[in-house]
Amino acid sequence: MSHFDKRADSWDSGDIRVNGAQTIANAIEKEIALQKDMEILDFGVGTGLLGFEIAKKVQQVYGVDTSAGMLEKLKEKNTPELSIIPIQQDIVQEPLEQKFDGLVSSMTLHHVENLEKFFQTIYTNLKEDGFIAIADLEKEDGTFHSDNAGVFHFGFNEAELIEIVKKVGFKDVKIQNINTINKPHKDFGVFLLTAKR
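Overview of the structure.

Criteria and cut-off values
Residues numbered from 1 in each chain as written. Predicted model: local features only at pLDDT ≥ 70, side-chain atom pairs only at ≥ 80, totals over all residues. Heavy atoms only, no water. Phe/Tyr/Trp six-rings, centres within 6.5 Å; stacked < 30°, edge-to-face > 60°. Helix = DSSP H or I, 4+ residues; strand = E, 2+ residues; numbered from the N terminus. Buried < 20%, exposed > 50% of the residue type's maximum accessible area, 1.4 Å probe, protein only. Contact = heavy atoms within 4.5 Å. Polar contact = N/O pair within 3.5 Å; in protein donor to acceptor, adjacent residues only side chain to side chain. Pairing = 2+ DSSP bridges. Axes fitted to C-alpha atoms, helices over the stretch in contact; angles between N-to-C directions.

Re the packing of aromatic side chains
- Scanning the model with the defined rule gives 6 aromatic pairs in all.
- With a centroid separation of 5.5 Å and 65° between ring planes, the pair formed by Y62 and F100 is classed as edge-to-face. Here Y62 is found in strand β2 (residues 60-65), whereas its partner F100 is found in strand β4 (residues 100-106), with 38 residues between them in sequence. Pair check on accessibility: Y62 and F100 agree, each one buried.
- Measuring from centroid to centroid gives 5.0 Å for Y123 and F170, while their planes differ by 90°, and the two rings are edge-to-face.

Listed below in structure tokens is the structure:
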């Protein structure tokens, strides 16, 4: 059982996490014109905190995650009116064949070891003019997580991240601060990275 499988049951009980996903959804909507005919991939969908917010505005969200426990929780939240199609797969190792209008992601990028390979993979999974909207931590000192298992990046240096994204072929690359997570010992900045294929 993975770290995330163990935490799936209590995942939605954290105010910071729930409110954070809402803030990210709002920031994405300000940057991207979400439309009713869009099919969107939520990378690291977890229990769907971000995905369900996006799903209200588009035709379909597909939620990819490597944690079976998280996706079980997600399925419990699906309704006939609002649902996310769950996909349990490591799409960097086993890319999807489907093409999407956009990719959204919340606080998952720091769990991705090979960033260049990840951005190359999602570039091929996007339709022409498709977008990415990825939220994650600004550079931090390693104290955001109480347990750094599966954490490959202590936040991100914005200039370095932009360089990787541009190198893969994305255009209109933009990063902005959208939130601050207040933890008892420290504040942590959250950015939104947007770009077009």
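Continuing now.
Quick look at helix α5 (residues 115-124)
- Of the residues making up α5, those classed as buried are L115, F118, F119, T121, I122 and Y123.
- In this structure, the buried side of α5 is in contact with β1 (39-43), β4, β5 (126-137), α6 (158-168) and β7 (186-196).
- Two or three places before E116, at the opening of α5, N114 has a side-chain oxygen 3.3 Å from that residue's backbone nitrogen.

Examining the side chain of S105
- Of note, S105 is situated in strand β4.
- Taking the relative accessible area as the measure of exposure, S105 reaches 1% and is therefore buried.
- Here F43 takes part through its backbone oxygen, which lies 3.0 Å from a polar atom of the side chain of S105.
- Once residues within four sequence positions are removed from consideration, S105 is found in contact with D42, F43, L50, A133, I134 and A135.

Some remarks on the sheet that holds β4
- The strand order β3-β2-β1-β4-β5-β7-β6 describes an open sheet built from 7 strands, whose pairing is mixed. Every interior strand has two partners, whereas the edge strands, β3 (84-88) and β6 (171-183), have only one. Within the sheet, the average angular offset between the axes of one strand and its neighbour, ignoring direction, is 20°.
- Bridging between β1 and β2 involves 5 bridges; their strand directions are parallel. Across the sheet, residue L41 finds its bridge partner in β2, namely Y62.
- The sheet contacts of α5 involve β1, β4, β5 and β7, and relative to β5 the element is tilted by about 145°.
- Against the sheet, α6 engages β5, β6 and β7, with an angle of about 145° to β6.

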